[in-house]
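Structural overview for review
Next come the chains, spelled out residue by residue.
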Amino acid sequence: MAVDHDRLFKELIQAFFEEFILLFFPEMYEYIDFQHLSFLSEELFTDVTAGEKYRVDLLVETKLKGEDGLIIVHIENQSYVQPSFPERMFIYFSRLFEKYRTNVVPIAVFSYDTIRDEPSSFTLQLPFGNILHFRFFTIELRKQNWRNYIRIDNPIAAALLSKMGYTESERIELKKQFLRMLVRLELDEAKQRLLMGFFEIYVKLSDEEEQRLRNEVNQMETKEKEQVLELLISYEQKGKREGAKQKEREMMRKMIAKGMSIADIAHIFDLTEEEVHKRVKDE
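These numbers come from a predicted model, not from an experiment.

1. So, the overall build of the protein
A count of helices and strands for the protein gives eleven helices and nine strands. For the protein, the C-alpha atoms occupy an extent of roughly 75 × 55 × 40 Å along the three principal directions. Here the protein holds 283 residues, and the buried ones make up 40% of them. Taking the intrachain contacts of the protein between residues at least 6 apart in sequence as the baseline, contacts between residues at least 24 apart amount to 60%. A total accessible area of about 16,600 Å² is found for the protein, and carbon and sulfur atoms account for 48% of it. For the protein, the distance from the average position of its 41 positive side-chain charges to the average position of its 51 negative side-chain charges is 3 Å.

2. Observations concerning the packing of helix α6 (residues 171–185) against helix α8 (residues 207–217)
One way to put it is that α6 packs onto α8 with a least axis distance of 10 Å and a crossing angle of 55 degrees. Accordingly, the angle class assigned to the pair α6 and α8 is oblique. Like other packed secondary-structure pairs, α6 and α8 cross with a definite hand, here right-handed. Contacts from Arg-171, Ile-172, Glu-173, Lys-175, Lys-176 and Leu-179 of α6 reach α8 at Glu-209, Glu-210, Arg-212, Leu-213 and Glu-216. Across the contact of α6 with α8, the residue classes break down as three nonpolar, no polar and eight charged.

3. Concerning the UniProt feature "coiled-coil region" (unreviewed entry) in the protein
UniProt records the feature "coiled-coil region" (unreviewed entry) for residues 203–230 in the present numbering. Secondary structure across residues 203–230 comprises 71% helix and 0% strand; the distance between its end C-alpha atoms is 20 Å.

4. As for a nonpolar patch on the surface
A cluster of nonpolar residues, Leu-124, Leu-126, Phe-128 and Ile-131, forms a patch on the protein surface that exposes about 440 Å² of accessible area. Mapped onto the secondary structure, Ile-131 falls in strand β8 (residues 129–135). Classification of Ile-131 as exposed rests on a relative accessible area of 57%.

5. Details of the sheet that holds strand β4 (residues 58–64)
The five strands are arranged β1-β4-β5-β6-β9 in an open sheet whose pairing can be described as mixed. A strand with exactly one partner marks an edge of an open sheet, and here the two such strands are β1 (32–39) and β9 (137–140). Neighbour-to-neighbour, the strand axes of this sheet turn through a mean angle of 25 degrees, independent of strand direction. Where strand β6 (residues 103–110) and β9 come together, four bridges link them in parallel fashion. Bridge pairing links Phe-110 to Glu-140 in β9. In this fold helix α1 (residues 5–15) packs onto β1, β4, β5 (70–78) and β6, with an angle of close to 140 degrees to the strand it touches most, β5. Here helix α4 (residues 85–100) sits on the sheet in contact with β4, β5 and β6, set at roughly 155 degrees to β5.

Rules and cut-offs
Position labels on residues start from 1 in each chain and follow its written sequence. Reporting of local features is limited, given that this is a predicted model, to residues whose pLDDT is at least 70; pairs of side-chain atoms are given and counted only at 80 or more, and all residues count toward the totals for whole chains, interfaces and linings. Each side-chain value is worked out from all heavy atoms of the structure, with water and hydrogens disregarded. Here a strand is any run of E in DSSP of at least two residues, a helix any run of H or I of at least four, and the numbering for each starts at the N terminus. Each residue's exposure class comes from its accessible area (1.4 Å probe, protein chains only) as a fraction of the maximum for that residue type: buried when under 20%, exposed when over 50%, partly exposed otherwise. The contact criterion used is simple: two residues touch if any of their non-hydrogen atoms lie within 4.5 Å. Each accessible area is a Shrake-Rupley result for a 1.4 Å probe, and residues are judged covered by the shown protein chains and nothing else. Only four residue types enter the charge count, namely Lys and Arg as positive and Asp and Glu as negative; His and the chain termini do not. In this description, the location of a charge corresponds to atom NZ of lysine, CZ of arginine, CG of aspartate or CD of glutamate. Axes here mean lines fitted to C-alpha atoms, for a helix over just the part in contact, with angles spanning 0 to 180 degrees between N-to-C directions. Orientation labels follow simple angle bins: below 35 degrees gives roughly parallel, above 145 gives roughly antiparallel, 65 to 115 gives roughly perpendicular, and whatever is left gives oblique. Left-handed describes a crossing whose near helix is turned anticlockwise from the far helix by less than a right angle; the clockwise case is right-handed. Just so you know the grouping, Ala, Val, Leu, Ile, Met, Phe, Trp, Tyr, Cys and Pro go in nonpolar, Asp, Glu, Lys and Arg go in charged, and all remaining residues, Gly too, go in polar. UniProt positions are given in the numbering used here, feature names are shortened, and annotations may be inferred rather than shown by experiment. A residue counts toward a patch only above 30% relative accessible area and without a salt bridge, and it is joined to like-charged neighbours within 9 Å or, for Val, Leu, Ile, Met, Phe, Trp and Tyr, to nonpolar neighbours within 5 Å. A carboxyl oxygen of Asp or Glu within 4 Å of a side-chain nitrogen of Lys or Arg is what we treat as a salt bridge. Only strands joined by at least two bridges in the DSSP assignment are considered to pair.

Here is the structure:
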């Protein structure tokens, strides 16, 4: 199944919006009042000329410190190269401004693996003068050196190590440092699971690499070693449970395809018919 990169980034940034702004835009962070945050429903825009529909990734309504007026922060994850992207950012901005009639802060997160010099503006100009010069904030993840972030106790930094600039030979060290960051952050289980799930979508070690990682962890200091090993074991067990559920789900679907009734399948797996329906629909 194809990875929905935009959904993954939306979940991550929505869960850690304040930490995201602090990490990448510290000057902006000083002005935003994070006591007034509201995540707005998705906006769907249609490009009439191209016949395509675009959905805004993340909209946050907030305030500036000491001011009454609201501002809209628009964050767009771009997971593939698109030459017309600056124009699309301008279209989003103009339509959001038309709807909300307030300040809009546009931010683009470039998360693909290609290293490029992405523009951060869109300009309309004629020989006799500029008509428009629109600018937006950018983050080019692949250009970030992951080692510059491993001492920063920030959950967004931990998760996004997986999309920063690293070599194949650094993958084991990358995951080890990610686990150490998770231990230091002391997050609740739900947030920890979100970060781990995000990281492993983009950095999946082979069995041999996992064993080498385990060997390196065993050489760490005792207290930290125990905490990191506990994380590893916990997620290994979770992975095995998920694998077993997937096999069970595939088996149920094959039974249905062969004409077996939901009632018979429920009896075989000792489930209710409602539970069978739910499991075969889950992805």
